[in-house]
Amino acid sequence: MEPFRIKTIEPIPFPSREERVRALAAAGHNLFRVPASAISVDLLTDSGTSAMSAQQWAALLSGDESYAGARSFERFETVVRDLTGYREVIPVHQGRAAERILLGAMLGAGDISVGNTHFDTTRASVEAAGATAADFPESQSPASGFGGNIDLDKVERLLCSADGARVRCVVLTITNNAAGGQPVSIDNVAGARALCDRHGVPLLLDASRFAENAYLVTVRDPEHAGVAPRRVAREMFTLADGCWASLKKDGLANIGGLIALNSQEVAARCRDQLIAVEGFPTYGGLAGRDLEALAQGLDEVTDPAYLRYRSEAAQWFGSRLAAAGVPVVEPVGCHAVYVDAAAHLPHIPPHELPATAFANALYSEGGVRVSELGTLVFGRRNPDGGPDLPAPRELVRFALPRRVYTSNHLEYVAEAAARVTAAKDRIPGYRVVEQADTLRHFTAVLKPLG
Ligand code: F0G
């Protein structure tokens, strides 16, 4: 059961079926454009959607809003140093600001960043610096359970090739959000460390879900069974040279991010840029009270009872969806359950957006919002004007906000998914009628076919 009880509540809207159908049409059949007031259960993202604890709300009141040298920064810095072991601690307002500043300080035109899979905002920052992001994911469903790992053989081949000298960093995203939220093993981080040492390249972590990765290591790696997740996290941080994180995930707060490093020299360059775009180095785009809530959240998030609940809730929800006849991608991680829409809706070809079709049908049926990770997000417009070039997979992500929904809410979602599944052959595909050149999924206007 949930290892907490509920003290503050927020009513859930229950629009009628007619209202939902109208809201979806008014939003151009794009769930990003549907107002939250028309959503009953919102599983769009686990980012910035956490419920804070009583201690976090209490900490807000002790926020020190001094422009420079605030006490709240000192608390945040102490907590991050204690967690990571890195001396240099730089707050930012969210993950992508950390990426833009740190990768901007480390990469230049023609450089290469190698990763297990750069998240889309990470890739955008690599490319903004004029560099290339190379993704070398290992198999996503290995027997080991570490489907987030980087393929070390491919990294080594690149480092030993003529292009090796252009590699400026190796980035491990823990957990690997773009690869089904799967964890990275300690052995894989250690292997990347050894390669980086041999070739003089820094190793960085995108640690946005560091606590969930650490917990999954304690469950899936017999050598770490029973080890405290905080110790596992420290082991991973120690193997790397630095990290950044969106603290909207495992910071258990609604806004925030960080850069933490060993290198004083790189940190100094980051701080110069920070002052230009985020704010003074002791608040980095955040209020003092945000830093207090984050410091408290970073202490709470490695609680083994919380992490066990988080992981088991995701697994249980995955089993409920599977029992509803929905093809769930196994193994389930912590932050989301991923569903294979191509297998579920074989009558809809990729260019008619099966993942979007399933997500929209689920919204119409139950007011549930999930996100598509298929051809709308990762596909490409065909330069010849023909059907879109498809994404590698047609996935739908049921993301789980932290400490927000109970098992009853998730049971409701599984029941709605079962009803959608019972009539799945009649779900229509979609075509895009308006789209932006980049990140089209946020604003595209769609039309159902047939
Ligand atoms: N890195 C990872 C692994 C992420 O999942 C995200 C955001 C970011 C960086 C960027 O952080 O949003 O604070 O600027 N992921 C969200 C998601 C948006 O829904 O998965 P941000």
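The structure under discussion appears in the preceding block.
Keep in mind that what you see is a predicted model, and the values were worked out from it rather than measured.

Comments concerning the sheet that holds strand E7 (residues 242-246)
The strand order across the open sheet formed by seven strands is E2-E8-E7-E6-E5-E3-E4, and the pairing between neighbours is mixed. The sheet terminates laterally at strand E2 (88-92) and strand E4 (132-135), the two strands that pair on one side only. Between one strand and the next, the sheet's axes are offset by a mean angle of 20°, whatever the strand orientation. Bridge count between E7 and strand E8 (residues 257-261): five bridges; the pairing is antiparallel. Note that in E8 the partner of Ser246 across the bridge is Gly257. Running at roughly 150° to E7, helix H4 (residues 95-106) makes contact with E2, strand E5 (167-173), strand E6 (203-206), E7 and E8 of the sheet.

Some thoughts on the site of the ligand
Close contacts around the ligand come from 17 residues, with Thr45, Arg96, Asp206, Ser246 and Lys249 the closest. Between Thr45 and the ligand, the recorded distance is 2.7 Å, taken from a side-chain N or O atom to an oxygen atom. Within the complex, the protein chains bury 92% of what would otherwise be the 480 Å² of accessible surface of the ligand.

Section: the packing of helix H6 (residues 152-160) against helix H7 (residues 186-199)
Viewed as axis vectors pointing N to C, H6 and H7 meet at an angle of 10°, and their least axial separation amounts to 11 Å. One finds that H6 runs roughly parallel with respect to H7. Within the contact between the two elements, H6 uses Leu152, Val155, Glu156, Leu159 and Cys160 and H7 uses Asn188, Gly191, Ala192, Leu195, Arg198 and His199. Looking at side-chain class alone, the contact of H6 with H7 contains six nonpolar, three polar and two charged residues.

Some remarks on a nonpolar patch on the surface
Taken together, the side chains of Phe32, Leu439 and Phe442 define a hydrophobic patch exposed on the protein surface, amounting to about 280 Å² of accessible area. For Phe442, the position within the fold is in the loop between strand E13 (430-434) and strand E14 (445-448). What makes Phe442 partly exposed here is its relative accessible area of 39%.

Concerning the state of the cysteines
Following the criterion strictly, the structure yields zero disulfides and no others. Looking at the unpaired Cys243, the closest cysteine sulfur is the one in Cys270, lying at 12 Å.

Observations concerning helix H3 (residues 71-84)
The end-to-end C-alpha distance of H3 is 20 Å, a good match for the 20 Å that 14 residues give at a rise of 1.5 Å each. The set of residues buried in H3 consists of Ser72, Phe73, Phe76, Glu77, Val79, Val80, Leu83 and Thr84. Taken down its axis, H3 places every buried residue within 165° of arc, on the same side. Backbone geometry just after H3 places Gly85 at a positive phi near 85°.

Structural notes on helix H12 (residues 304-323)
Taking 1.5 Å of rise per residue, 20 residues should cover 28 Å, and H12 covers 28 Å from first to last C-alpha, within 8% of that figure. Taken residue by residue, H12 has Tyr306, Leu307, Tyr309, Arg310, Ser311, Ala314, Phe317, Gly318 and Leu321 as its buried positions. Looking at the buried positions of H12, the neighbouring elements they touch are helix H8 (210-220), helix H9 (229-239), strand E9 (336-340), strand E12 (395-399) and helix H16 (407-422). Sitting at the amino-terminal end of H12 is Asp303, which places a side-chain oxygen 3.1 Å from the backbone nitrogen of Ala305. Just beyond H12, the residue with positive phi is Gly325, at close to 90°.

Considering the pairing of E9
In terms of burial, E9 is largely enclosed, as four of its five residues are buried. Relative to E12, E9 runs antiparallel, the two sharing five bridges. From the neighbouring strand, Tyr338 faces E12, where its bridge partner is Arg397.

Considering the side chain of Glu300
Note on placement: Glu300 falls in helix H11 (residues 288-300). Among the residues examined, Glu300 registers a relative accessible area of 16% and is labelled buried.

With respect to the packing of aromatic side chains
Applying the stated criterion across every chain yields a total of eight aromatic pairs. Centroid distance Phe4 to Tyr309: 5.4 Å. Interplanar angle 85°. Geometry classified as edge-to-face. With Phe4 in the segment before helix H1 (17-26) and Tyr309 in helix H12, this pair connects stretches of sequence that are 305 residues apart. A relative accessible area of 28% places Phe4 in the partly exposed class. A residue is classified by how much of its surface remains accessible, and Tyr309, at 11% relative accessible area, is buried. With centroids separated by 5.9 Å and ring planes inclined at 85°, the aromatic side chains of Tyr86 and Phe237 adopt a geometry described as edge-to-face. Residue Tyr86 is found in the loop between H3 and E2, and its partner Phe237 is found in helix H9; the two are separated by 151 residues along the sequence. Under the relative-accessibility criterion, Tyr86 is labelled buried at 2%. A residue is classified by how much of its surface remains accessible, and Phe237, at 2% relative accessible area, is buried.

Let's talk about the packing of helix H2 (residues 54-61) against H11
Running from N to C, H2 and H11 point in directions that differ by 150°, and their axes come no closer than 7 Å. Between H2 and H11, the interaxial angle falls into the category roughly antiparallel. Like other packed secondary-structure pairs, H2 and H11 cross with a definite hand, here right-handed. Contacts from Gln55, Gln56, Ala59 and Leu60 of H2 reach H11 at Arg289, Glu292, Ala293, Gln296, Gly297 and Glu300. Among the residues forming the contact of H2 with H11, the class breakdown is three nonpolar, four polar and three charged.

Some remarks on the nonpolar core
Core analysis: the largest hydrophobic core is formed by 60 residues, its most contacted members being Phe76, Val114, Leu205, Phe210 and Phe237. Shared between two domains, this core takes at least three residues from each, and those domains are domain 1 (17-39 + 303-448) and domain 2 (54-300). Counting residues in each nonpolar core, the second largest holds 46 residues, with Ala23, Ala38, Ile39 and Ala444 among its members.

Overview of the side chain of Asp206
Within the secondary structure, Asp206 sits in strand E6. Of the side chains with opposite charge, Arg209 comes closest to the buried, unpaired Asp206, at an N-O distance of 6.6 Å. A distance of 2.7 Å separates polar atoms of two side chains, one belonging to Asp206 and the other to Ser208. In this view, Asp206 contacts Glu99, Thr122, Val171, Leu172, Thr173, Ile174 and Trp244; residues no more than four positions away in its chain are not counted.

The rules behind the values
- Residues numbered from 1 in each chain as written.
- Predicted model: local features only at pLDDT ≥ 70, side-chain atom pairs only at ≥ 80, totals over all residues.
- Heavy atoms only, no water.
- Pairing = 2+ DSSP bridges.
- Helix = DSSP H or I, 4+ residues; strand = E, 2+ residues; numbered from the N terminus.
- Axes fitted to C-alpha atoms, helices over the stretch in contact; angles between N-to-C directions.
- Contact = heavy atoms within 4.5 Å.
- Near = heavy atom within 4 Å.
- Polar contact = N/O pair within 3.5 Å; in protein donor to acceptor, adjacent residues only side chain to side chain.
- Areas by Shrake-Rupley, 256 points an atom, 1.4 Å probe, with all protein chains shown as cover.
- Parallel < 35°, antiparallel > 145°, perpendicular 65-115°, else oblique.
- Nonpolar A, V, L, I, M, F, W, Y, C, P; charged D, E, K, R; others polar.
- Patch = residues over 30% accessible without salt bridge, like charges linked within 9 Å, V, L, I, M, F, W, Y side chains within 5 Å.
- Salt bridge = Lys/Arg side-chain N within 4 Å of Asp/Glu carboxyl O.
- Buried < 20%, exposed > 50% of the residue type's maximum accessible area, 1.4 Å probe, protein only.
- Disulfide = S-S within 2.5 Å.
- Expected span 1.5 Å × (residues − 1).
- Arc of directions from axis to C-beta.
- Phe/Tyr/Trp six-rings, centres within 6.5 Å; stacked < 30°, edge-to-face > 60°.
- Left-handed = near helix turned anticlockwise from the far one by under 90°.
- Core = buried A, V, L, I, M, F, W, Y, C linked by side-chain atoms within 4.5 Å.
- Domains from an automatic or database assignment.
- Lys, Arg positive; Asp, Glu negative; His and termini not counted.

Scope: geometric values only; no functional claims are made or implied.
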